[in-house]
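Coordinate inspection notes
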Amino acid sequence: MALSGIEIFKYLPKTNCGKCGVPTCLAFAMSLAAGKAELTACPFISEESKTKLEEASAPPIRPVSIMTGGNPLKIGGETVMFRHEKRFENPPGLAIVISDTMNDTEIARRLKSLHSHTYTRVGATLKPELVALKYESGDSSTYAALAAKAKNQTDAGIILMCQDAGAINAAAEACDDRKPIICAITLSNLETLAAPAKELSLPVVAHADTLDELTELTRRLTDLGIKDIILDTGARDLKKALADQVGLRRLALLKKFRLLGFPTIVFPAEMTDNPIKESLIASALMAKYAGIIVLSDFKGETLFPLLVARLNLYTDPQRPLATAEGIYDINGPDENSPVAITCNFSLTYFIVSGEIENTRMPAHLLIKDTEGLSVMTAWAAGKFGADNIGGFVKKSGIAERVKHRKLIIPGYIAQESGGLEEELPDWEIMVGPREAAHLLPYLKSNWKP
Ligand code: SF4
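The structure presented is a predicted model; accordingly, all values stated were derived computationally and were not measured.

When helices and strands are counted, the protein chain shows 16 helices and 17 strands. For the protein chain, the C-alpha atoms occupy an extent of roughly 80 × 65 × 40 Å along the three principal directions. The proportion of buried residues among the 449 residues of the protein chain is 38%. Across the protein chain, every contact between residues at least 6 apart in sequence was considered, and the portion connecting residues at least 24 apart equals 65%.

Shown next, in the form of structure tokens:
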């Protein structure tokens, strides 16, 4: 659990010198506890206190970074049981299984699916980020060739589903700096597989069928200096998997049991042959509390809902989801296309832009920063009235992109049209519909460039 400001204060020098940017050590401790300052800002803290503070303030579930072709994928680091208590920190990675016995066409399709299932929603890029390579051929060179393809043809993080030390070494060499995850180390193969994990600094999946065995395994791994551990409880049915996930989270957070304070991996791919059921299982385990979810395949109709569920679960419930302020071009607009404006509450942006897309009419959509508030809330809070909309339109640069001077405002703020005509004397203010769903008939009957 994170330390409170008072607990942190005990470790500080208490000289109130102000070098850290705030006047007192207590204020600095409060800033640290709120995550608004870094420990390094105090130059006078002793090494001993620093070590103790870092240990005490380490999250109860260790964060593990997985190398990808881009930014590392971080899993774990969670601090709460329930999202509304604070927020969930690091979204789980989604992996597709690829066997080294699949034919070249199937392997190519699966590798390509990492790129082809990339979506942009509410300003965020949604995509899966992992491949799980299954060693079934019995031939380490075939396995290494598959690992090389995964590394060269995708930017995905790589999981080696293999328990053969020779094949792991060959595949890890082919992955080079991608640093694959060894999946899985058990009590029986610990002697053989711990060596490559330690030598190559690879994260490992610790697999055991009971929590007692899992505890013994993580104790031995950490004693060997292997700290980047991901837990697999061996559960291959939803009921047991859910119970294990909740049990592990409780032990780590509520009992502060460090030996099971690691992110987890789950295998919906091995729980059913039905793709819809697999997706449902994955969504349940995503909510409770998987760090990596291994799927049998990526299909748009089952993957996209999971990506959206993940986006929603891992947003901060204390901050409204907002879209960046700016001009959004929809359906390839030109200088004669309509210009509409709305607020930057992501759901509003998502709905309005989607409705404009559906009209198939090109348009410029102006998104005004309203701190993530919806149209009526922003208007009531004084963030979406004539004065600030006028100021935004003038500085947005839209006047240089269109020949006409017509601005469509949401029907809900029709009362601002008079004020806007004063703020923007060159513009004709058109009051649009209240509901985005009515945009098509509105544009058809009212838009004359
Ligand atoms: S720099 Fe360190 S000693 Fe000085 S006020 Fe800040 S926390 Fe206290």
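With that out of the way, let us pick up the packing of helix α6 (residues 165–175) against helix α7 (residues 190–199). Remark: α6 packs on α7, axes separated minimally by 10 Å, with the N-to-C direction vectors making an angle of 15 degrees. The pairing of α6 with α7 is recorded here as roughly parallel in orientation. The element α6 and its partner α7 pack so that their crossing is right-handed. Only Thr 192, Leu 193 and Pro 196 of α7 make contact with α6, whose side of the interface consists of Ala 165, Ile 168, Asn 169 and Ala 172. Of the residues belonging to the contact of α6 with α7, the class tally is 5 nonpolar, 2 polar and no charged.

What follows is about the sheet that holds strand β10 (residues 229–232). Spatial ordering of the open sheet is given by β10-β9-β8-β7-β6-β3-β12-β11, a layout of 8 strands whose pairing is parallel. Pairing within the sheet leaves two strands with one partner each, and these edge strands are β10 and β11 (265–266). Sheet topology places β11 next to strand β12 (residues 292–295); 2 bridges connect them, and they run parallel. What sits directly across from Ile 265, in β12, is Ile 292. Along the sheet face, helix α5 (residues 140–153) touches β3 (93–99), β6 (130–134) and β7 (157–161) and points at about 170 degrees away from the line of β6. Sitting on the sheet, α7 is in contact with β8 (181–185) and β9 (204–207), with an inclination near 165 degrees to β8.

The rules behind each value
Residues numbered from 1 in each chain as written. Predicted model: local features only at pLDDT ≥ 70, side-chain atom pairs only at ≥ 80, totals over all residues. Helix = DSSP H or I, 4+ residues; strand = E, 2+ residues; numbered from the N terminus. Buried ≥ 20, exposed ≤ 12 C-beta atoms within 10 Å, placed from the backbone. Contact = placed C-beta atoms within 7 Å. Axes fitted to C-alpha atoms, helices over the stretch in contact; angles between N-to-C directions. Parallel < 35°, antiparallel > 145°, perpendicular 65-115°, else oblique. Left-handed = near helix turned anticlockwise from the far one by under 90°. Nonpolar A, V, L, I, M, F, W, Y, C, P; charged D, E, K, R; others polar. Pairing = 2+ DSSP bridges.

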